[in-house]
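Now for the letters of each chain:
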Amino acid sequence: MIGALICGINGKMGKTVCELLQGDTDIRAVCGVDIIGGGEISVYNSFADIKQKVDIIIDFSSPSVLSDELSWAVKNNVPVVLAATGYSAEDLVLLESASKKIPIFKTGNFSLGINLLIKLVKQAAQVLGESFDIEIIEKHHNQKADAPSGTALMLADGINESLKDKREYLNGRSGAGKRGNEIGIHAVRGGTITGEHEVIFAGNDEIITLSHSAHSKRIFAAGAVRAAKWLISQPAGLYDMNDIFENI
């Protein structure tokens, strides 16, 4: 059985992953890393303190632990599934370097539905081309720290890829003046919204809207567990949900 270390184990998503693993016959949580201690299994304050044998890391914490996490993972030859968002350019350089030595799975959203939405908006952008204005609206709970969401940026990047990177991103529209050749991205934060993403293609006399709503955080935990089971047998490299889609 695969032994998983859950980074951020006492956060909401870490707890959701642990609940999901309780009924899994292929993978189980053997320990965790979190600034908050306590729980049914060993929880460490740092990677340097880990005593258990770990086969894979599932990380729903934050970019602040990335450097120590990757150093430990590379030293111990442990694959990593990264589910946090908000990584900096420097973080991405660390990821790229570490992925040459261990398999790393990184995506801004582990929902299969969201990743299908990304494929659909890319196709829509290819068909509609330059004749439609494009706006993205994302909604999340009031505790989410980063804005726009990693998923909104994934959607924008997918669209821009289809348009050959012709459009800049405009976060919000306060004081921006008349619309130009951009992709507008708008963040809403409130209450307990799990996650909603809407992409609007607005043309002359017609509007096409593609959207996805998450009703539970469980879908993200399930996607991360699925990625972990797949990643465990992969060679060193940097992977994302497109690799999972190719194997469905």
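Everything here concerns the structure above.
What you see is a predicted model; the values in this text were computed from it and never measured.

A. Up close: the pattern of salt bridges. Applying the stated rule across the entire model yields 12 salt bridges. One salt bridge in this structure joins arginine 189 and glutamate 138, with 2.7 Å as the shortest N-O distance. Of the two residues, arginine 189 sits in strand E9 (residues 182-189) while glutamate 138 sits in strand E7 (residues 133-140), which places them 51 residues apart along the sequence. The class for glutamate 138 is buried, based on a relative accessible area of 0%. Here lysine 144 ties to aspartate 146 by a salt bridge, and the two come within 3.1 Å at their closest N and O atoms. The same class applies to lysine 144 as to aspartate 146, namely buried. Taken together, the shared-partner salt bridges in this structure form one network comprising Asp133, Glu135, Arg173, Arg179 and Glu182.

B. Representation of the sheet that holds strand E4 (residues 56-59) within the structure. Taken in spatial order, the 7 strands of this open sheet run E3-E2-E1-E4-E5-E6-E12, and their pairing is parallel. Bordering the open sheet on either side are strand E3 (42-44) and strand E12 (237-239), each of which pairs with just one other strand. Here the strands of the sheet are splayed against their neighbours by 25° on average, with no regard to which way each runs. Sheet strands touched by helix H3 (residues 89-98): strand E5 (80-82), strand E6 (103-106) and E12. Its angle to E6, the strand with the most contacts, is close to 140°.

C. The environment of glycine 14, seen in detail. Mapped onto the elements, glycine 14 comes out in helix H1 (residues 12-21). Judged by its relative accessible area of 0%, glycine 14 is buried. Spatially, the C-alpha atoms of glycine 14 and valine 33 are 10.0 Å apart, while their sequence positions differ by 19 residues. The contact partners of glycine 14, leaving out residues within four places of it in the chain, are Ile6, Gly8, Ile9 and Phe60.

D. The arrangement of the pairing of E7 in detail. Note that E7 and strand E10 (residues 195-203) share 7 bridges and pair antiparallel. Bridge assignment links glutamate 138 to a residue of E10, and that residue is histidine 197. Alignment of E7 against E9, held across 7 bridges, turns out to be parallel. What sits directly across from isoleucine 134, in E9, is isoleucine 183.

What counts, and where the lines are drawn
- Residues numbered from 1 in each chain as written.
- Predicted model: local features only at pLDDT ≥ 70, side-chain atom pairs only at ≥ 80, totals over all residues.
- Heavy atoms only, no water.
- Salt bridge = Lys/Arg side-chain N within 4 Å of Asp/Glu carboxyl O.
- Helix = DSSP H or I, 4+ residues; strand = E, 2+ residues; numbered from the N terminus.
- Buried < 20%, exposed > 50% of the residue type's maximum accessible area, 1.4 Å probe, protein only.
- Pairing = 2+ DSSP bridges.
- Axes fitted to C-alpha atoms, helices over the stretch in contact; angles between N-to-C directions.
- Contact = heavy atoms within 4.5 Å.

Scope: geometric values only; no functional claims are made or implied.
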